[in-house]
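Tertiary structure, described
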Amino acid sequence: MTVSYTLKVAEARFGGFSGLLLRWRGSIYKLLYKEFLLFVALYASLSITYRLLLTQEQRHVYAQVARYCNRSADLIPLSFVLGFYVTLVVNRWWSQYTSIPLPDQLMCIISASVHGVDHSGRLLRRTLMRYANLASVLVLRSVSTRVLKRFPSVQHVVDAGFMSQEERKKFESLKSDFNKYWVPCVWFTNLAAQARKDGRIRDDITLCLLLEELNKYRAKCSMLFHYDWISVPLVYTQVVTIAVYSFFALSLVGRQFVEPEAGAAKAQGPLEPALAPGDPDMYVPLTTLLQFFFYAGWLKVAEQIINPFGEDDDDFETNQLIDRNLQVSLLAVDDMYQNLPPTEKDPYWDEAQPQPPYTVATAADSLRPSFLGSTFNLRMSDDPEQSVQVAPSPALARAAVQTPLLSPWTPHLQRFRAEEGGHPEGAAGRGCIEEEAAESGEAAPEP
């Protein structure tokens, strides 16, 4: 079942998120503890071997190998490769959830457009809605292991009431090498066309609206199928997995606490395994264990959600979605068809500014002023001359449009143009006009 902790984080208070660290189901501890224990066991085995079983010469050789492995591990761009991969997988995970077909919009249109209070009208609406739900069940059987275990064969779908025996015969008589989840959608369109012919759907515009909504529903079924068909490229998954495993394989050897090199004054870096003079022999590599927890945990998150239609703790509850969709959709098109409460005046009928009541716990919210804009309370200048409206002169407006960045120097520009002989473009402009006139064979105009 999907792990939901939304209510626990409704308020970001002190210690609010600390309680989430103690949960087991759906946690990183449950996902990673086996790999973590294996890493600790291998590290401890190498450490014991180095400290107790090797000779002095062998320990010297091992220390050189450890330093080389430590430097080599830092050359793997693990953060970049792993971060980009997890971002891709998380975006794909959410897109798959939004592609799950929900019948809510379709059932509202069926209830509003397919008319008839008699037995035939009720049967027509329920059949249309059943075809839509059948399409989602067939596609979910193809992508979700939970749904396939619930409906391992088409006969189980028939026994569940999504398909009749006659419909099963027609379904199985259609020979196709591809998935046939789209067949109920074709039945839906044919039945809707027959309902328009019989007058159950009263105009072509309503029929068009109904079929458009069905096509959106079918498109989600198709997208769900294609998400299952087209996975994240295998080479990318292999690169990320090999990068993580290689990094920690080198870290097993390179992060051991070995003796310093002869004549070395200090360690070469914060992750240098060699002990500098005066450094304590920690035995337990805390930073390396934290790195394993973060990086390997990051990879396990991607492994868990790359296919959210499995049986992990946080995978989608597809069986509950099927139950919900069938119950809600049949209720909307059958029991709720033209079953309206009487219309009456609302409590604020005679009030110009309706104000719903507050409880004691929320009464303070009613005292807060409404937001009217970030500049609503801006303090303006007290000088009344700054608020006088003036009309800009044409010369000033033209200069501001031509040289918007020089608008503060517009008076100086006007004086400069006057000194140049009054020509609007100055000496440079007058030279351009004379040059153009010479090329055309005409006399240049006098300034």
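Here we summarise the structure given alongside this text.

Right, let's talk about the packing of aromatic side chains for a bit. For the coordinates displayed, the defined rule picks out 22 aromatic pairs. Seen in terms of ring centroids, tyrosine 85 and tyrosine 236 are 5.2 Å apart; in terms of plane orientation they differ by 75°. Their pairing is edge-to-face. In this pair, tyrosine 85 is assigned in helix H3 (residues 78-98) and tyrosine 236 in helix H11 (residues 234-254), connecting sequence segments 151 residues apart. Given a relative accessible area of 2%, tyrosine 85 falls into the buried group.

Below, the discussion takes up the nonpolar core. Counting 47 residues, the largest nonpolar core has Leu106, Ile110, Met129, Leu140, Phe188 and Leu210 as its most contacted members. Of all the secondary-structure elements, those providing two or more residues to this core are helix H4 (104-113), helix H5 (119-143), helix H7 (154-159), helix H9 (183-198), helix H10 (204-229) and helix H13 (318-335). No other element matches the twelve residues that H5 contributes to this core. Apart from the residues within four sequence positions on either side, methionine 129 is in contact with Pro103, Leu106, Met107, Ile110, Ser329, Leu330 and Val333.

A few words now on the packing of H4 against H10. For the pair H4 and H10, interaxial distance at closest approach is 9 Å and the crossing angle is 160°. Judged on the interaxial angle alone, H10 and H4 are roughly antiparallel. H4 and H10 meet at a crossing whose hand is left-handed. Every residue of H10 that contacts H4 at Gln105, Leu106, Ile109, Ile110 and Ser113 is listed here: Thr206, Leu209, Leu210, Glu213, Leu214 and Tyr217.

All right, on to unusual backbone geometry then. Positive phi outside glycine occurs at glutamine 338, with the angle close to 55°. Its place among the elements puts glutamine 338 in the loop between H13 and helix H14 (394-402). By relative accessible area, which is 52% here, glutamine 338 ends up exposed.

Our next topic: the pattern of salt bridges. Any two side chains of opposite charge can pair, so long as their charged atoms come close to each other. Under the definition given, this model contains 16 salt bridges. For the salt bridge of aspartate 118 with arginine 200, the shortest nitrogen-to-oxygen distance reads 2.9 Å. One end of the pair, aspartate 118, is in the loop between H4 and H5; the other, arginine 200, is in the loop between H9 and H10, and 82 residues separate them in sequence. Its relative accessible area of 36% is what places aspartate 118 among the partly exposed residues. Between aspartate 334 and arginine 122 there is a salt bridge whose closest N-O contact spans 2.8 Å. With aspartate 334 in helix H13 and arginine 122 in helix H5, this residue pair connects regions lying 212 residues apart in the sequence. Through salt bridges that share partners, Glu35, Lys300 and Glu303 make up one connected network.

With 16 residues, H9 should cover 22 Å at 1.5 Å per step; its first-to-last C-alpha distance of 23 Å lies within 8% of that length. For H9, the complete set of buried residues consists of Val183, Pro184, Cys185, Trp187, Phe188, Ala192 and Ala195. Its buried side turned inward, H9 meets H4, H5, helix H8 (165-173) and H10. In the segment just after H9, glycine 199 is the residue with positive phi, at about 90°.

Cut-offs and rules
- Residues numbered from 1 in each chain as written.
- Predicted model: local features only at pLDDT ≥ 70, side-chain atom pairs only at ≥ 80, totals over all residues.
- Heavy atoms only, no water.
- Phe/Tyr/Trp six-rings, centres within 6.5 Å; stacked < 30°, edge-to-face > 60°.
- Helix = DSSP H or I, 4+ residues; strand = E, 2+ residues; numbered from the N terminus.
- Buried < 20%, exposed > 50% of the residue type's maximum accessible area, 1.4 Å probe, protein only.
- Core = buried A, V, L, I, M, F, W, Y, C linked by side-chain atoms within 4.5 Å.
- Contact = heavy atoms within 4.5 Å.
- Axes fitted to C-alpha atoms, helices over the stretch in contact; angles between N-to-C directions.
- Parallel < 35°, antiparallel > 145°, perpendicular 65-115°, else oblique.
- Left-handed = near helix turned anticlockwise from the far one by under 90°.
- Salt bridge = Lys/Arg side-chain N within 4 Å of Asp/Glu carboxyl O.
- Expected span 1.5 Å × (residues − 1).

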